Amino acid sequence: MKFQRLFLLPLLLLTVLSACQSLGLQEPKSLDQRIAYGYGVQAAVNDAAASALTANTIKKSDAEYVLKTSLEARALLDAARTALGGGDTKTAEGRLVLATNILVTLQTYLRSNK
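Treat the numbers as computed from the prediction; the structure is a model and nothing was measured.

Parameters at a glance
- Residues numbered from 1 in each chain as written.
- Predicted model: local features only at pLDDT ≥ 70, side-chain atom pairs only at ≥ 80, totals over all residues.
- Heavy atoms only, no water.
- Helix = DSSP H or I, 4+ residues; strand = E, 2+ residues; numbered from the N terminus.
- Buried < 20%, exposed > 50% of the residue type's maximum accessible area, 1.4 Å probe, protein only.
- Contact = heavy atoms within 4.5 Å.
- Axes fitted to C-alpha atoms, helices over the stretch in contact; angles between N-to-C directions.
- Parallel < 35°, antiparallel > 145°, perpendicular 65-115°, else oblique.
- Nonpolar A, V, L, I, M, F, W, Y, C, P; charged D, E, K, R; others polar.
- Expected span 1.5 Å × (residues − 1).
- Left-handed = near helix turned anticlockwise from the far one by under 90°.
- Core = buried A, V, L, I, M, F, W, Y, C linked by side-chain atoms within 4.5 Å.

A.B. asks: Sorry, what's going on with the overall build of the chain here?
C.D. replies: The helix and strand inventory of the chain stands at four helices and zero strands. Starting at the N terminus and ending at the C terminus, the chain contains elements arranged as α-α-α-α. When the 114 residues of the chain are sorted by exposure, 30% land in the buried category. Taking the contacts inside the chain whose residues are at least 6 apart along the sequence as the reference set, 62% of them involve residues at least 24 apart.

A.B. asks: Any chance you could explain the packing of helix 2 (residues 31-54) against helix 3 (residues 60-85) here in plain terms?
C.D. replies: Two elements in contact, helix 2 and helix 3, have axes whose closest approach is 10 Å; the angle formed by their N-to-C orientations is 170 degrees. It follows from the interaxial angle that helix 2 and helix 3 lie roughly antiparallel. Residues Leu 31, Asp 32, Ile 35, Gly 38, Tyr 39, Gln 42, Val 45, Asn 46, Ala 49 and Leu 53 of helix 2 lie in contact with helix 3, whose contacting residues are Lys 60, Ala 63, Val 66, Leu 67, Ser 70, Leu 71, Arg 74, Leu 77, Asp 78, Ala 80, Arg 81 and Leu 84. For the contact of helix 2 with helix 3, the per-class residue count stands at 13 nonpolar, four polar and five charged.

A.B. asks: It is not clear to me how unusual backbone geometry should be interpreted in this structure. Could you clarify?
C.D. replies: A negative phi holds for most residues other than glycine; trans holds for most peptide bonds. Despite not being glycine, Asn 56 shows a phi value in the positive range, around 60 degrees. Tracing the sequence through the fold places Asn 56 in the loop between helix 2 and helix 3. We classify Asn 56 as exposed; its relative accessible area is 67%.

A.B. asks: Explain helix 2 to me, please; I cannot follow it from the model alone.
C.D. replies: Residue pairs spaced three or four apart in an α-helix point in one direction, given the helix's 3.6 residues per turn. Between its first and last C-alpha, helix 2 extends 35 Å over 24 residues, near the 34 Å set by a 1.5 Å rise per residue. Turning to helix 2, its buried residues are Leu 31, Arg 34, Ile 35, Tyr 37, Gly 38, Tyr 39, Val 41, Gln 42, Val 45, Asn 46, Ala 49 and Ala 52.

A.B. asks: What am I meant to see in the packing of helix 2 against helix 4 (residues 89-112) here?
C.D. replies: Helix-helix packing is described using two parameters, namely the angle between the two axes and the distance between the axes. The contact between helix 2 and helix 4 brings their axes to 10 Å, and the two run at 25 degrees. It follows from the interaxial angle that helix 2 and helix 4 lie roughly parallel. Between helix 2 and helix 4 the crossing geometry is left-handed. Contact residues: Leu 31, Arg 34, Ile 35, Gly 38, Val 41, Gln 42, Val 45, Ala 48, Ala 49 and Ala 52 in helix 2; Thr 89, Ala 92, Glu 93, Leu 96, Leu 103, Leu 106, Gln 107 and Leu 110 in helix 4. A class-by-class count of the residues in the contact of helix 2 with helix 4 yields 12 nonpolar, four polar and two charged.

A.B. asks: Teacher, can you tell me more about the nonpolar core here?
C.D. replies: Within soluble globular proteins, side chains that are nonpolar tend to cluster in buried spots. Among the nonpolar cores identified, the biggest contains 22 residues, and Ile 35, Val 45, Val 66, Leu 77, Leu 103 and Leu 110 are the most heavily contacted of them. Mapped by element, the contributors of at least two residues to this core are helix 2, helix 3 and helix 4. The element that contributes the greatest number of residues to this core is helix 2, accounting for eight residues. Residues contacting Val 45, with those up to four places away along its chain left out, are Val 66, Ser 70, Leu 103, Leu 106, Gln 107 and Leu 110.

Listed below in structure tokens is the structure:
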């Protein structure tokens, strides 16, 4: 399990950093900044799902699933923020990784249906 985390974390960070660079945004560095960035990604996923539905590139049931799943990612981001506020950086980091993995998967799905 530790090996998977050690392998996935750099991959996740590269994804986030390359996304920031492609948009011309400053790279989030602190855990707090990365959580805030996660909220922005979650909002972008919601917007992309709504746009895809409007453009008829995904079905209504798929859009509903994307929105429901992105809300689960948001709950993980909320939990990460709460854990960070309580000084539990390890839990905050873990919840952020989970949320980010979900959001990246949703983004990949939405991009594949353009």
